[in-house]
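Take a look at the letters that make up each chain.
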Amino acid sequence: MLNHDDRVREEFARQADTFSASSAITDVGLTQRFVAALGEAARGYVLDVACGPGILSAAIAKTAREVVAFDLTPEMLKKAAQRCSEAGVGNVSFREGNAAELPFANSTFDAAVTRLSVHHFQRPDRVMSEIFRVLGPGGRLVVADVITSEQPAEAELHNAIEVLRDPSHVRMLPGSELTALVTGAGFAVEALTSWDKAREFDEWMGIVNDPSRVLPLRPVVRALAACGATAGMALRLEGNAIRFVHRWNLIAARKPAVSSP
């Protein structure tokens, strides 16, 4: 049996090429949302937590003093280094490790970002606390992830589908829980935006780069859609295509400039 960290490494080592090339992942609009949400903090010392193939790191490095791209999976860090090299940015360093145990001193960074990562964390509360710790007073956090339904039964079905697709998935949170996760670590939320991203089954399955998962999962998802079980993600059939949406929440928050007594 693999422990969770090993499972994440195994999954994303295999997905490194497909994840890095996916238009849903490399969407320029999403990257621009992050840079805009950082504001002036984008000019400082920025930590990209669970950086994956370095999409945010490369974009933020164009204005930042320095960026640290941090990830658990060596293959993803290689992709990030390649992307940053191709972008012509030389102010990015790359560190391997677990986001629940960040190897940085207190108050090191001016800002931190993380996207599409929370649903892979076994202890997201611990990760948020670590990010809070390594940010300086007044430091900026921008976090975005796909969220699930506020209805427990819908959320349970949605997460079950996600786990069958990628067993490194732990749990997508409802929007209310994602916000509570951020505030629970001590951050003050300054802005929250939501949007829906249209997805298609074969495109979505192609990212995990394991055809053996497609054959058993397609009829299950098709049957759910056919009987009207939307799984809280607008699951539906359009001709032969299986379509759904991923709802994103992006939260911009700040560490208080003065610690509470």
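The structure presented is a predicted model; accordingly, all values stated were derived computationally and were not measured.

**Student:** Any chance you could explain the side chain of Arg140 here in plain terms?
**Tutor:** Inspection of the secondary structure puts Arg140 in strand β5 (residues 135–147). Other than its neighbours up to four places away in sequence, Arg140 contacts Ala37, Leu38, Ala41, Asp110, Ala111, Ala112, Leu135, Glu190, Ala252, Ala253 and Arg254.

**Student:** Is there a simple way to think about helix α5 (residues 74–87) in this case?
**Tutor:** Owing to its 3.6 residues per turn, the α-helix brings residues three or four apart onto one side. Between its first and last C-alpha, α5 extends 20 Å over 14 residues, near the 20 Å set by a 1.5 Å rise per residue. When α5 is considered as a whole, its buried residues turn out to be Met76, Leu77, Ala80 and Cys84. Buried residues of α5, viewed axially, fall in a sector of 100°; they line one side. What points out from α5, more than 90 degrees from its buried face, is the exposed set Lys78, Ser85 and Glu86. At its buried positions, α5 is contacted by α1 (4–21), α4 (55–60), β2 (66–71) and β3 (92–96). Just downstream of α5, Gly88 is the residue with a positive phi angle, here 75°.

**Student:** Please explain the environment of Val28 as it appears in this structure.
**Tutor:** Within the secondary structure, Val28 sits in helix α3 (residues 28–38). Look at Val28 and you get exposed, because its relative accessible area is 54%. Taking C-alpha positions, Val28 is 17 Å from Asp48, a pair spaced 20 residues apart along the chain.

**Student:** Any chance you could explain the packing of aromatic side chains here in plain terms?
**Tutor:** Within a pair of aromatic rings, the relevant descriptors are the distance that separates the centres and the angle that separates the planes. For the structure on display, the rule yields eight aromatic pairs. Judged by centre distance (4.6 Å) and plane angle (35°), the ring pair of Tyr45 and Phe109 falls under tilted. Pair noted here: Tyr45 is in strand β1 (residues 45–49) and Phe109 is in strand β4 (residues 109–115), with a separation of 64 residues, a long-range link. The class of Tyr45 is buried, set by a relative accessible area of 17%. Chaining the aromatic ring pairs together yields one cluster made of Tyr45, Phe70, Phe104 and Phe109. Sitting above the plane of the Trp195 ring, Arg33 keeps its charged end 3.8 Å from the centroid. Sitting above the plane of the Phe132 ring, Lys255 keeps its charged end 4.6 Å from the centroid.

Cut-offs and rules
Per chain, the residues get numbers from 1 upward, laid out in the order the sequence is written. Reporting of local features is limited, given that this is a predicted model, to residues whose pLDDT is at least 70; pairs of side-chain atoms are given and counted only at 80 or more, and all residues count toward the totals for whole chains, interfaces and linings. The basis for the side-chain values is all heavy atoms of the structure; hydrogens and waters are excluded. The numbering of helices and of strands both runs from the N terminus, where a helix is a DSSP run of H or I of at least 4 residues and a strand a run of E of at least 2. Throughout, a contact is declared for two residues whenever any of their heavy atoms are within 4.5 Å. What a helix is expected to span follows from its residue count: subtract one and scale by 1.5 Å. Only protein chains enter the area calculation, which uses a 1.4 Å probe; residues under 20% of their type maximum are buried, those over 50% are exposed, and those in between are partly exposed. Taken from the helix axis, the directions to the C-beta atoms give the arc we talk about. In summary, the pairing rule links any two rings of Phe, Tyr or Trp, Trp by its six-membered ring, whose centres are within 6.5 Å, and it sorts them by plane angle into stacked for under 30 degrees, edge-to-face for over 60 and tilted for everything else. Whether a charge lies above a ring is judged from NZ of Lys or CZ of Arg, which has to be within 6 Å of the ring centre and within 35 degrees of the ring normal.

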